[in-house]
Amino acid sequence: MESYNFFAMVNRMKMIDRWALMQNTSKENIAEHSHSVAVIAHALALIGNREFSKNYNAERAAVLALYHDTTEVITGDMPTPVKYYNEDIKSVYKDIERVAGERLLNMLPDDYKSDFAPFFEKEEGDLELWKLVKAADKISALIKCIEETRMGNREFEIALKAQEKKIAEIDLPEVKFFTEHFLEAYYLTLDEHTK
């Protein structure tokens, strides 16, 4: 009987830490981050459908988000200042991610590869959902910065301002709605949540 490694590799997402160049009061791995992004992407899709008459598949958005950083079990989490330093590095890193995605797909039986390929090779039909995932990824990063600064970690002060600016620049009504109605709660303490 043939054995396949794909799901065991996906399970290793919990071993890849994010924010490696920063002092953290609480570690965050890519599995935790992907869960956060999935929850937010799902919410953004639902908001788009309910508030803005979009026709998003919210469940598909959540699944795309769950897998959006899976290649990092092979590549590791490249810090953003390095990954986006210039166009050459950005281009090379995209190639590395593509190769890592192919490697992961090759850890599946042939009959399953087409089911998982859209998580690593963006398909035309998912492009609007990937925009939501990208926005959710940025919102999740902002939430991490909020949590760290609330704990008194000055290391994240500049990152917090940068992430707030990035979120404000996203031209999606779903993001504006989420920001106006849900984001403020992340700045509150538990006691303030339960009043």
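Residues numbered from 1 in each chain as written. Predicted model: local features only at pLDDT ≥ 70, side-chain atom pairs only at ≥ 80, totals over all residues. Heavy atoms only, no water.

K.L.:
How would you sum up the overall build of the protein chain? Please name residues and give values.
P.N.:
Across its full length, the protein chain carries eleven helices and zero strands. Counting helices and strands in the order they occur from the N terminus, the protein chain gives α-α-α-α-α-α-α-α-α-α-α. Whereas a compact globule of 195 residues would reach a radius of gyration of roughly 16 Å, the protein chain reaches 18 Å, a difference of no more than 12%. Taking the principal axes of its C-alpha atoms as reference, the protein chain extends roughly 55 × 40 × 35 Å. Counting the 195 residues in the protein chain, one finds 42% classified as buried. Summarising the internal contacts of the protein chain: among those between residues at least 6 apart in sequence, 69% fall at separations of at least 24. In the structure as shown, the protein chain presents an accessible area of about 11,800 Å², 52% of it carried by carbon and sulfur atoms. Of the side-chain charges in the protein chain, 25 are positive and 35 negative, and the distance between the mean point of each set is 3 Å. (Helix = DSSP H or I, 4+ residues; strand = E, 2+ residues; numbered from the N terminus. Rg over C-alpha atoms; globule rule 2.2 N^0.38 Å. Buried < 20%, exposed > 50% of the residue type's maximum accessible area, 1.4 Å probe, protein only. Contact = heavy atoms within 4.5 Å. Areas by Shrake-Rupley, 256 points an atom, 1.4 Å probe, with all protein chains shown as cover. Lys, Arg positive; Asp, Glu negative; His and termini not counted. Charge placed at Lys NZ, Arg CZ, Asp CG, Glu CD.)

K.L.:
Got a sec to walk through unusual backbone geometry? Specific residues and values, please.
P.N.:
A positive phi angle, near 55°, is found at W19, a position not held by glycine. Checked against the element boundaries, W19 lands in the loop between α1 (6-11) and α2 (30-52).

K.L.:
Residue-level account of a nonpolar patch on the surface, with values.
P.N.:
A grouping of L21, V82, Y85 and I89 is seen on the molecular surface, where their side chains present a nonpolar patch of about 410 Å² in accessible area. Inspection of the secondary structure assignment puts V82 in helix α5 (residues 80-83). On the basis of relative accessibility, which here comes to 36%, the residue V82 falls in the partly exposed class. (Patch = residues over 30% accessible without salt bridge, like charges linked within 9 Å, V, L, I, M, F, W, Y side chains within 5 Å. Salt bridge = Lys/Arg side-chain N within 4 Å of Asp/Glu carboxyl O.)

K.L.:
Give a detailed account of the nonpolar core, specifying residues and quantitative values.
P.N.:
Residues F6, L44, I139 and V175 are the most contacted members of the largest nonpolar core, which totals 52 residues. Looking at which element gives the most residues to this core, the answer is helix α8 (residues 127-150), with twelve residues. Non-local contacts of F6, meaning those with residues more than four positions away in its chain, are made with Y67, L104, M107, L108, F116 and F120. (Core = buried A, V, L, I, M, F, W, Y, C linked by side-chain atoms within 4.5 Å.)

K.L.:
Go over the pattern of salt bridges, please, and point to the residues and values.
P.N.:
Here the structure, examined in full by the defined rule, presents eleven salt bridges. For K94, the salt bridge goes to E97, with nearest N and O atoms at 3.6 Å. In this pair, K94 and E97 are both assigned in helix α6 (residues 87-105), three residues apart and thus about one turn of the helix distant. In this structure, R154 and E157 form a salt bridge, with 3.4 Å as the shortest nitrogen-oxygen distance. With a relative accessible area of 62%, R154 lands in the exposed category. For E157, a relative accessible area of 36% puts it in the partly exposed group.

K.L.:
Got a sec to walk through the environment of G76? Specific residues and values, please.
P.N.:
Tracing the sequence through the fold places G76 in the loop between α4 (72-75) and α5. Sequence separation of G76 and M1 is 75 residues, and the distance between their C-alpha atoms is 31 Å. What G76 contacts, discounting residues up to four positions off in sequence, is I16 and Y93.

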